[in-house]
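These are the residues of each chain, in order.
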Amino acid sequence: MADTIYVLNGPNLNLLGLREPEIYGSDTLDDIAGRMEDRAKELGLEIDLRQSNHEGHLIDWMHEAQARGAKAVLLNAGAFTHTSLALYDAIRAIKTPVIEVHISNPLAREEYRHHSYVGMAAKGTIAGFGALSYMLALEAAALL
């Protein structure tokens, strides 16, 4: 499983393509997953893409990523980014590198989005490039 990258998505990301397309674009999570799977194969990697509206699932999946020896976790925690000490603690608790991913640039949005508990614990952050943020994060993870 060392060649697997977990791609974990938090609340409301199941609505990509429908939800506020002026901010998040028209790509669905399935569209993004398809492109990521193609690129991952080219890189000799596999991705395990998941989405949940429940914070505990994201934490359990990060623990699982470490237990299974995943190469990295790409985490778009959605709004949990700005509120979740539990995600911060989970990232700090595992040795698997976590890369924070955002479609929009939180620093260019509402002030309450400027603080990131995820970013405080993550290896790095890629944000503001639309759906391309996921591909950039995949490239970064491949080089870890």
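Structural data are supplied above this passage.
Residues numbered from 1 in each chain as written. Predicted model: local features only at pLDDT ≥ 70, side-chain atom pairs only at ≥ 80, totals over all residues. Heavy atoms only, no water.

Attention now goes to helix 3 (residues 55–67). Owing to its 3.6 residues per turn, the α-helix brings residues three or four apart onto one side. When the terminal C-alpha atoms of helix 3 are compared, their 19 Å separation across 13 residues agrees well with the 18 Å that a helix rising 1.5 Å per residue should span. Buried residues along helix 3 sit in contact with strand 1 (4–9), strand 2 (46–51), strand 3 (72–76), helix 4 (85–93) and strand 4 (98–102). Directly beyond the C-terminal end of helix 3, a positive phi value near 75° is found at glycine 69. (Helix = DSSP H or I, 4+ residues; strand = E, 2+ residues; numbered from the N terminus. Expected span 1.5 Å × (residues − 1). Contact = heavy atoms within 4.5 Å.)

For the rest of this paragraph, the subject is the packing of helix 2 (residues 29–42) against helix 6 (residues 132–142). Two numbers describe how helix 2 lies on helix 6: the axes approach to 10 Å, and their chain directions differ by 30°. Comparing their axes, helix 6 and helix 2 come out roughly parallel. Seen along the crossing, helix 2 lies across helix 6 with a hand that is right-handed. Touching Leu29, Ile32, Arg35, Met36, Arg39 and Ala40 of helix 2 are Tyr134, Met135, Leu138 and Glu139, all from helix 6. Broken down by class, the residue content of the contact of helix 2 with helix 6 amounts to seven nonpolar, no polar and three charged. (Axes fitted to C-alpha atoms, helices over the stretch in contact; angles between N-to-C directions. Parallel < 35°, antiparallel > 145°, perpendicular 65-115°, else oblique. Left-handed = near helix turned anticlockwise from the far one by under 90°. Nonpolar A, V, L, I, M, F, W, Y, C, P; charged D, E, K, R; others polar.)

Glancing now at the nonpolar core. General note: in soluble globular proteins, nonpolar side chains tend to be found buried as a group. Judged by nonpolar contacts, the single largest core of 23 residues is most densely connected at Ile5, Val7, Leu16, Met36, Leu74, Tyr134 and Leu138. At the level of elements, strand 1, helix 2, strand 3, strand 4 and helix 6 are the ones that each hand at least two residues to this core. With five residues, the single largest contributor to this core is helix 6. Not counting the four nearest positions on each side in its chain, leucine 74 is found in contact with Ile5, Tyr6, Val7, Leu8, Met36, Ile99, Val101, Tyr134, Ala137, Leu138 and Ala141. Counting residues in hydrophobic clusters, the runner-up holds 20 residues, among them Ile59, Ala65, Val73 and Phe80. (Core = buried A, V, L, I, M, F, W, Y, C linked by side-chain atoms within 4.5 Å. Buried < 20%, exposed > 50% of the residue type's maximum accessible area, 1.4 Å probe, protein only.)

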